[in-house]
Each structure stands twice: as structure tokens, then as C-alpha cells.
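Understanding the architecture of this molecule
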Amino acid sequence: MNKDKHQPAEAGHAGGGDVGLARPGGISYIQLPALDAERSADFYEQVFGWNIRGRGTPHVSFDDATGHVSGAWLTEHAISREPGVVPYVYVSAVDRTIEKITAHGGEIVRPPYPEGDLWVATFRDAAGNVIGIWQQGPR
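These remarks concern the structure in this document. (Residues numbered from 1 in each chain as written. Predicted model: local features only at pLDDT ≥ 70, side-chain atom pairs only at ≥ 80, totals over all residues. Heavy atoms only, no water.)

**Concerning the overall build of the chain**
Inclusion rule: Put simply, DSSP marks the helices as runs of H or I at least four residues long and the strands as runs of E at least two long, and each gets a number from the N terminus on. Summary of the burial criterion: residues with accessible area below 20% of their type's maximum are buried, those above 50% are exposed, and those between are partly exposed, where the area comes from a 1.4 Å probe applied to protein chains only. Contacts are assigned to residue pairs with any non-hydrogen atoms lying within 4.5 Å of each other.
Within the chain, the secondary structure is distributed over 2 helices and 8 strands. Counting from the amino terminus, the chain carries its helices and strands in the arrangement β-α-β-β-β-β-α-β-β-β. By the burial criterion, 42% of the 139 residues in the chain qualify as buried. The contacts in the chain between residues at least 6 apart in sequence include a share of 54% that link residues at least 24 apart.

Structure, rendered in C-alpha cells:
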């Protein structure tokens, strides 16, 4: 991974200090399979507010909404339609996020279910990859 090429636009957190991508032991970069990188970019931008870079180029990439994870969509990778390694995205409102997911071409795999004080769900993104979401607190 080229550090400069994948540096997030805004790298910080509420606790102060610039943590960015270089966090020892932290997941900082992910490659997501895509059928159409532009379509996947639109999906994640609309559903989760991710910052998209490289539109109209062969390397469409992103920074998540926190600036702590960067990545790219790759059309040469196999779509993950069956759960294997499943990344989960934290959301503030699981039901509102599910509405966005379905409105932008995603499909709910497992509707929200409780895990202690969390609400968890899984979905297929615009390409068909299984991804999870979770919310803490009351639904």
C-alpha cells in the first residue's frame, strides 16, 4: 500500500491527536470486491458517507467516514456473497441505515437482531458482498 496515495482526507478523532491510518495493530486498509467500482462507490457514499477518490479512473478508492480506514474497490476480486471475513460498519441508527441500504441497491441478509445492548444486521452491498452493520443502545 502506498502510504501517500491512501492517506485519508481527514485523519483525527474526538479524543484529540492525529491518528489517521498509521495505528499500530489497527485495520487501516481494505480491498472490496466490486462488479462496477463506480456503482459500489456510489452505494457506500450514499449509505455511509464515505469520501470517494479517483472517480472516472481505474482506481476508485475511499476513506471511511472516520478517516481511520482507507481502501479501494477491485473488479478482479471475487464477490463475497457468502459470509467469510465480514467487516461491520458502526451506524447511529440501524433502521435508518437499512432503509438507505435497500434504497441504493443493497439487500438485507439478516434483519436487525439484539446482541446484548447492540443491534446487528447483515446485508449484501451493490456488488453482492456480505457486510455487517451494528448500533449500540436502544433501537
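Next comes the rest of the account.
**Re the nonpolar core**
The condition that has to hold: Among buried residues, the Ala, Val, Leu, Ile, Met, Phe, Trp, Tyr and Cys ones that are joined through side-chain atoms within 4.5 Å form a nonpolar core.
By size, the foremost hydrophobic cluster in this structure holds 23 residues, and its most contacted members are Tyr44, Phe48, Trp50, Trp73 and Ile133. At the level of elements, helix H1 (37–48), helix H2 (94–103), strand S7 (118–124) and strand S8 (130–136) are the ones that each hand at least two residues to this core. Per element, the largest residue contribution to this core is 6 residues, and it comes from H1. If we skip the residues at most four places from it in the chain, phenylalanine 48 touches Ala65, Val89, Val91, Thr97, Phe123 and Ile133.

**What to know about the pattern of salt bridges**
Rules: For this document, the term salt bridge refers to a Lys or Arg side-chain nitrogen within 4 Å of an Asp or Glu carboxyl oxygen.
If you walk through the whole model with that rule in mind, you get 6 salt bridges. Between arginine 55 and aspartate 42 there is a salt bridge, with its nearest N and O atoms 2.8 Å apart. Of this pair, arginine 55 sits in the loop between strand S2 (51–53) and strand S3 (61–63) while aspartate 42 sits in helix H1; the two residues are 13 residues apart in sequence, bridging distant segments of the chain. By relative accessible area, which is 35% here, arginine 55 ends up partly exposed. Taking the relative accessible area as the measure of exposure, aspartate 42 reaches 37% and is therefore partly exposed. Among the ionic pairs, glutamate 107 bridges to arginine 124, the shortest N-O distance being 3.7 Å. Of this pair, glutamate 107 sits in strand S6 (residues 107–115) while arginine 124 sits in strand S7, placing them 17 residues apart in sequence. Sharing partners across several salt bridges, the network here consists of Glu38, Asp42, Glu45 and Arg55.

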